Amino acid sequence: MILRFHCILRVKTDLGSSYESEDGAVLRNIEACRAIAQTVQTSLGPYGRNKIVINHLQKMILTSDAATILRELDVVHPAAKLIVMASQQQEAEMGDATNMVIVLAGEMLKKAEELLRMGLKVSDVIQGYESAQREALRCLDGTLGL
């Protein structure tokens, strides 16, 4: 797969007229973030595929590293930039697992989109994820004996 990142990432959405403008904006944000996740998803893991990245200077880079791919990607969408920044923070703090951060965020957003399309409010989805976070941390504290 050859990725040319000097272009602006454009995402088309099919939003029915039943969605309010706020819901439409949220869904467009989710779609932009998922486009970033889908870009690096196939390079995840030991059997991940390499990508040929051609940057704005026409330099070719062959890599499966999400941090390198995203470094060359010119992301202009504000919500998608948050995913990229989360990946960069993971790289700075741990030095690894940048792909996992992006793919996990993409999958969580995919599930959030499904819930929104079922009719749940954004605030309900947020409360659900916050509740799941508290439960996961509680389980980890019990397992690790902290």
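Throughout what follows, the structure given in this document is the object of discussion. (Residues numbered from 1 in each chain as written. Predicted model: local features only at pLDDT ≥ 70, side-chain atom pairs only at ≥ 80, totals over all residues. Heavy atoms only, no water.)

## Focus: helix α3 (residues 78-94)
Here's step 1: Spanning 17 residues, α3 covers 24 Å between terminal C-alpha atoms, matching the ideal 24 Å at 1.5 Å per step.
Here's step 2: Among all positions in α3, only Ala 79, Ala 80, Ile 83, Val 84 and Ser 87 are buried. When α3 is viewed along its axis, its buried side chains cluster within an angular range of 160° and face the same direction. What points out from α3, more than 90 degrees from its buried face, is the exposed set Pro 78, Leu 82, Ala 92 and Glu 93.
Here's step 3: Residue Gly 95 follows α3 closely and has a positive phi angle near 80°. (Helix = DSSP H or I, 4+ residues; strand = E, 2+ residues; numbered from the N terminus. Expected span 1.5 Å × (residues − 1). Buried < 20%, exposed > 50% of the residue type's maximum accessible area, 1.4 Å probe, protein only. Arc of directions from axis to C-beta.)

## Structural notes on the environment of Arg 71
Here's step 1: With respect to the element layout, Arg 71 can be found in helix α2 (residues 66-72).
Here's step 2: Each C-alpha atom of the pair Arg 71 and Val 84 lies 8.7 Å from the other, and the pair is 13 residues apart in sequence.

## As for the pattern of salt bridges
Here's step 1: Per the counting criterion, the structure on display carries four salt bridges.
Here's step 2: A salt bridge links Glu 114 to Lys 111, with the shortest nitrogen-to-oxygen separation between them at 3.8 Å. Here Lys 111 and Glu 114 lie together in helix α4 (residues 98-118), a separation of three residues that amounts to about one turn.
Here's step 3: On the accessibility criterion, Glu 114 (38% relative accessible area) is partly exposed.
Here's step 4: On the basis of relative accessible area, Lys 111 is assigned to the partly exposed category, the value being 44%.
Here's step 5: Across the pair Arg 138 and Glu 135 runs a salt bridge, and its minimum N-O distance is 2.4 Å. A residue pair is termed a helical-turn pair when its members lie 3 or 4 positions apart in one helix, as Arg 138 and Glu 135 do in helix α5 (residues 122-144) at three residues. (Salt bridge = Lys/Arg side-chain N within 4 Å of Asp/Glu carboxyl O.)

## Let's talk about the pairing of strand β3 (residues 60-63)
Here's step 1: Only one face of β3 is covered, namely the one carrying Ile 61 and Thr 63; the face carrying Met 60 and Leu 62 has none of its residues buried.
Here's step 2: Across four bridges, strand β2 (residues 51-54) lies against β3 in antiparallel orientation. In the strand pairing of β3, Lys 51 is matched with Thr 63.
Here's step 3: Between β2 and β3, which follow one another and run antiparallel, lie five residues, and Gln 58 among them has a positive phi close to 65°. (Pairing = 2+ DSSP bridges.)

## Quick word on the nonpolar core
Here's step 1: Within the largest apolar cluster, 18 residues are counted, with the highest numbers of intra-cluster contacts made by Ile 36, Leu 70, Val 75, Ile 83 and Ile 102.
Here's step 2: Elements represented by at least two residues in this core include exactly α1 (21-41), α2, α3 and α4.
Here's step 3: When residues in this core are grouped by element, the largest group, five residues, is from α1.
Here's step 4: The contact partners of Val 75, leaving out residues within four places of it in the chain, are Ile 36, Ala 80, Lys 81 and Val 84.
Here's step 5: Leu 27, Ile 30, Ala 112 and Leu 116 belong to the second-largest nonpolar core, a separate cluster that totals five residues. (Core = buried A, V, L, I, M, F, W, Y, C linked by side-chain atoms within 4.5 Å. Contact = heavy atoms within 4.5 Å.)

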